[in-house]
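# Tertiary structure, described
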Amino acid sequence: MLKTGEIRTAEICGYDADGRGVCRLDGMVAFVRGAIDGETVEVRVDKVGKQQAYVSLVRVIGASVHRIMPDCPTDEKCGGCALRHMDYEEELRFKAQRVRDALVRLGGVTIEAVPILGAEQQDRYRNKAIFPVGTVGGKPDAGFFRAGSHELIAVSSCRLQSETADAVRGAVVAWMRAFGIRAYDEKTRKGLVRRVFVRTADGTGQALACLVVNGKSVPHTAELIAAVREAAPQVSTLVLNENTAPGNVVLSGEFTTLYGDGAITDTLCGLRFRLSPRSFYQVNREQAQRLYALAAERAALTKDDTLLDLYCGTGTITLVMAQHVREAIGVEIIPEAVRDAEANARENGIQNARFFCADAGTAAQKLAKEGLRPTVMVVDPPRKGVGEDVIAAAETMQPDRIVYVSCDSGTLGRDVKRLAAVGYRLVSADAVDLFPRTPHVETVVLLSRK
Ligand code: SAH
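These figures come from a predicted structure and were not determined experimentally. Counting restarts for each chain: residues are numbered from 1 in the order of the written sequence. Totals for whole chains, interfaces and linings use every residue, but because this is a predicted model, local features are given only for residues with pLDDT of at least 70 and side-chain atom pairs only at 80 or more, for both listing and counting. For side-chain calculations, the full set of non-hydrogen atoms in the structure is used, while hydrogens and water are omitted.

## Observations regarding the domain arrangement of the protein
For the record, the criterion: Boundaries of every domain are those given by an automatic assignment or by a domain database.
Under the domain assignment used here, the protein contains domain 1 (7-67), domain 2 (93-120 + 284-449) and domain 3 (128-268). Using only C-alpha atoms to locate each centre, domain 1 and domain 3 end up separated by 37 Å.

## Section: the layout of surface pockets
Inclusion rule: In this analysis a 1.4 Å probe is tested at points of a 1 Å grid over the protein atoms alone, and where it fits but cannot get out there is a cavity; an open set with protein on both sides within 12 Å along at least five of seven lines is a pocket; lining residues have an atom within 4 Å of a point. Grid points are joined across faces, edges and corners, and a volume is the space filled by probe spheres set on the points. We count a stretch as a helix when DSSP gives it H or I for four or more residues in a row; a strand needs E for two or more, and each element gets its number in order from the N terminus. Under the scheme applied, nonpolar residues are Ala, Val, Leu, Ile, Met, Phe, Trp, Tyr, Cys and Pro; charged residues are Asp, Glu, Lys and Arg; polar residues are all the others, including Gly.
What the second largest pocket holds in volume is close to 530 Å³. If you go around the second largest pocket, you meet 23 residues; those closest to its centre are Tyr15, Asp16, Ala17, Arg98 and Asp101. Among the secondary structure elements, those contributing two or more residues to the lining of the second largest pocket are α1 (88-105) and α9 (409-421). Looking at the lining of the second largest pocket, the element that brings in the most residues is α1, giving 7 residues. For the lining of the second largest pocket, the class distribution of residues is 9 nonpolar, 5 polar and 9 charged. Formed jointly, the lining of the second largest pocket draws a minimum of three residues from each of two domains, domain 1 (7-67) and domain 2 (93-120 + 284-449).

## Concerning the nonpolar core
Applicable threshold: Working definition of a nonpolar core: buried Ala, Val, Leu, Ile, Met, Phe, Trp, Tyr and Cys residues. They are joined through side-chain atoms within 4.5 Å. For every residue, the accessible area obtained with a 1.4 Å probe (protein chains only) is divided by the maximum for its type, and the residue is called buried under 20%, exposed over 50%, and partly exposed between those limits. In this description, contact between two residues means that some pair of their heavy atoms is separated by no more than 4.5 Å.
Counting residues in each nonpolar core, the largest one holds 84 residues, and the members touching the most others are Val168, Val172, Trp175, Val193, Leu211 and Met321. Residues contacting Leu211, with those up to four places away along its chain left out, are Val172, Trp175, Val193, Arg195, Val196, Val218, Leu224, Val239, Leu240 and Asn241. Counting residues in each nonpolar core, the second largest holds 37 residues, with Val99, Val109, Leu308 and Tyr424 among its members.

## Re the pairing of strand β1 (residues 7-11)
The following threshold applies: In short, DSSP must find at least two bridges between two strands for them to pair.
Only one face of β1 is buried: it carries Arg8 and Ala10, and the other face, with Ile7, Thr9 and Glu11, is open. Relative to strand β4 (residues 40-48), β1 runs antiparallel, the two being bridged by 5 bridges. The residue of β4 that forms the bridge with Arg8 is Val43.

## Some points on empty space enclosed by the protein
Scanning the entire structure with this criterion turns up 2 cavities of 30 Å³ or more. Approximately 50 Å³ is the volume found for the largest cavity. Classifying every residue of the lining of the largest cavity by side-chain character gives 8 nonpolar, no polar and no charged. By volume, the second largest cavity is sized at about 30 Å³. In terms of lining, the second largest cavity is formed by Pro381, Pro382, Arg383, Gly385, Tyr404, Ser406, Cys407, Asp408, Thr411 and Leu412. Partitioning the lining of the second largest cavity into residue classes produces 5 nonpolar, 3 polar and 2 charged.

## Topic: the site of the ligand
Put simply, the rule reads: The nearness test applies per residue and asks whether one of its heavy atoms lies within 4 Å of the molecule or strand. We call two N or O atoms a polar contact when they sit within 3.5 Å, provided that within protein one can donate a hydrogen and the other can accept it, with sequence-adjacent residues counted only if both atoms are side-chain atoms. Working definition of accessibility: Shrake-Rupley area with a 1.4 Å probe, residue cover restricted to the visible protein chains.
Near the ligand there are 15 residues, and of these Tyr292, Thr316, Glu332, Asp359 and Ala360 occur at the shortest range. Take Tyr311: an N or O atom from its main chain is 3.1 Å from a nitrogen atom of the ligand. The contact in question runs from a nitrogen atom of the ligand to an N or O atom on the backbone of Ile333, over 3.3 Å. Considered on its own, the ligand offers 570 Å² of accessible surface; in the complex 89% of this is hidden by protein. In terms of residue class, the shell around the ligand is made up of 10 nonpolar, 2 polar and 3 charged.

## Some thoughts on the packing of aromatic side chains
How we decide: Stacked, edge-to-face and tilted are the three classes for Phe, Tyr and Trp ring pairs, Trp counted by its six-membered ring, which pair at centre distances within 6.5 Å; planes under 30 degrees apart are stacked, over 60 edge-to-face, the rest tilted. Two conditions define a charge located above a ring, namely a distance within 6 Å from the ring centre to NZ of Lys or CZ of Arg, and an angle within 35 degrees of the ring normal.
Across all of its chains, the model carries 2 aromatic pairs by this definition. Its guanidinium or amino end placed over the ring of Tyr54, Lys47 lies 5.1 Å from that ring's centre, counting from NZ or CZ.

## Thoughts on the sheet that holds strand β22 (residues 442-449)
Sheet strands pair via backbone hydrogen bonds, and the direction of the pair is either parallel or antiparallel. Defined as follows: Here the axes come from fitting lines to C-alpha atoms, over the contacting stretch only for helices, and the angles between their N-to-C directions go from 0 to 180 degrees.
Pairing within the open sheet is mixed, and its 8 strands lie in the order β6-β21-β22-β20-β19-β16-β17-β18. Taken across any chain shown, the strands that pair with only one partner, and hence form the sheet edges, are β6 (116-117) and β18 (353-357). The pairing of strand β20 (residues 401-406) with β22 spans 6 bridges and is classified as antiparallel. Bridge assignment links Tyr404 to a residue of β22, and that residue is Val445. Along the sheet face, helix α7 (residues 360-369) touches β16 (306-310), β17 (327-332) and β18 and points at about 140 degrees away from the line of β17. Contacting β20, β21 (424-432) and β22, α9 runs over the sheet at an angle of about 165 degrees to β20.

## Topic: the sheet that holds strand β7 (residues 128-136)
Spatially, 7 strands are ordered β9-β8-β7-β10-β11-β12-β13 in an open sheet, and the strand pairing comes out mixed. Strands with a single pairing partner mark the edges of an open sheet, and in this sheet they are β9 (152-154) and β13 (255-259). Averaged over all pairs of adjacent strands, the angle between their axes in this sheet comes to 35 degrees, without regard to strand direction. When strand β11 (residues 206-213) meets strand β12 (residues 235-242), the two strands line up parallel, connected through 7 bridges. Each bridged residue has a counterpart across the sheet, and for Cys210 the counterpart in β12 is Val239. Running at roughly 70 degrees to β13, helix α3 (residues 221-231) makes contact with β11, β12 and β13 of the sheet.

## What about α7?
Cut-off, in case you're wondering: The arc in question is traced by the directions running from the helix axis to the C-beta atoms.
All of the buried residues along α7 are Ala360, Gly361, Ala363, Ala364, Leu367 and Ala368. Burial along α7 is one-sided: seen end-on, the buried residues are contained in an arc of 165 degrees. Facing away from the buried side of α7, by more than 90 degrees, are the exposed residues Lys366 and Lys369. Looking at the buried residues of α7, the elements they touch are β16, β17, β18 and α8 (388-397). Between a side-chain oxygen at the N-terminus of α7 and the backbone nitrogen of Gly361 the separation is 3.3 Å; the capping residue is Asp359.

## Description of the side chain of Arg401
Here Arg401 shows up in strand β20. In this structure, Arg401 is in contact with Ala299, Ala300, Leu301, Asp305, Thr375, Val376, Met377, Leu446 and Leu447, ignoring residues within four places of it in sequence.

## Quick look at the packing of helix α2 (residues 163-178) against α3
Let me state the cut-off plainly: Crossing chirality is assigned from the near helix's rotation relative to the far helix, an anticlockwise turn below a right angle marking it left-handed and a clockwise turn marking it right-handed.
At a minimum axis distance of 8 Å, the contact between α2 and α3 shows a crossing angle of 145 degrees. You can see that α2 and α3 cross each other, and the crossing is right-handed. Across the interface between the two elements, Ala167, Val168, Ala171, Val172 and Trp175 of α2 pack against Glu223, Leu224, Ala227, Val228 and Ala231 of α3.

Structure, rendered in structure tokens:
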């Protein structure tokens, strides 16, 4: 019988979806953060559940050839990177295997292996940073939350973020200290500054900085603008987000522009995209371009095609694909993103694209009733996958091809099965790594009508 506090030796035989090593202890399953497939490790039993034991890594007895020293001083505390202890080759193997397993186990398809497109740049690839602000040792600071908690860890540099993001964070912290501006406290809900949000446009060199505050304004605005611009000259606009809501939602409530025009423009796949703070934009531009190119290639578009792009954000996929089809229709739920998408179509001289601001399922059902029969449907939903009504709309509209772009292989597997039930079979699946050093991965799946 397994007891709490006990030290046990375990053999790691695979990974869970978060990249933790899987082992068995007295018939119970346990997941070990920081352990690699094939390793023999010593673990401490922290808690014994019904079927699962909760353990932590004590030491590695037999190390994998893929083990490397994490090259970040805050790796053990921070919840950001989960895979810095393994080389990139092993990380890609884990991700490709995970996508394949989800498609086979949950999707019910038969495939041998899923190819994965790795990233050339594995550090500083993120174009969006969100730093929580808090008080550390009596002083305002910004950094990251400790893994699985809301305890603030101050960091001076993050290996995934841009240098611009690091510089803005540093400038805001210095400005808060200089003028005695208090950090927001989640418990008391007092204090002003909650988050520092930075988005960089690597194609144009512009950057947007946003201060999320528990209030309507901040004092010493001129000094804030000067400090941010001096530390990060790329910052072309600075905005305030008034977020007085409890909870974890980063951006909510009104935006006020303190400097610049409140949005930035990036180039992607040869097009220009205007990005508001709330608009979705893939965090890894290099790999996003490869993802969209692959999605377009798999869709095998022609000038006879009508495209319906559900969950279209600022119209990235819609507009990249619009150039190759007769007509493209995008659906997105966030009004600012739809306004950006429409502006992006105009800015790029694309006249065969239109956008609807609505829930994807509701809009798809409505368009189906109105007689729309797209030949190609693209879906790129958030992690929870597509709704039943999207599946029902696919059944009514019967597009020849469905390209499913997914950031969660679990819901992708589930949806592939639901689409099989309405007549679609899997033609291809490719993983693209947009998130090196973290367990996340994107997948492009092509389905066609049986
Ligand atoms: N295809 C875009 C965006 C993908 S992210 C790109 O690659 O850039 C998913 C998008 O779905 C987000 O923009 C989000 O705002 C939107 N979304 C979330 N729930 C939705 C829903 N129920 N209906 C329509 N869009 C939704």
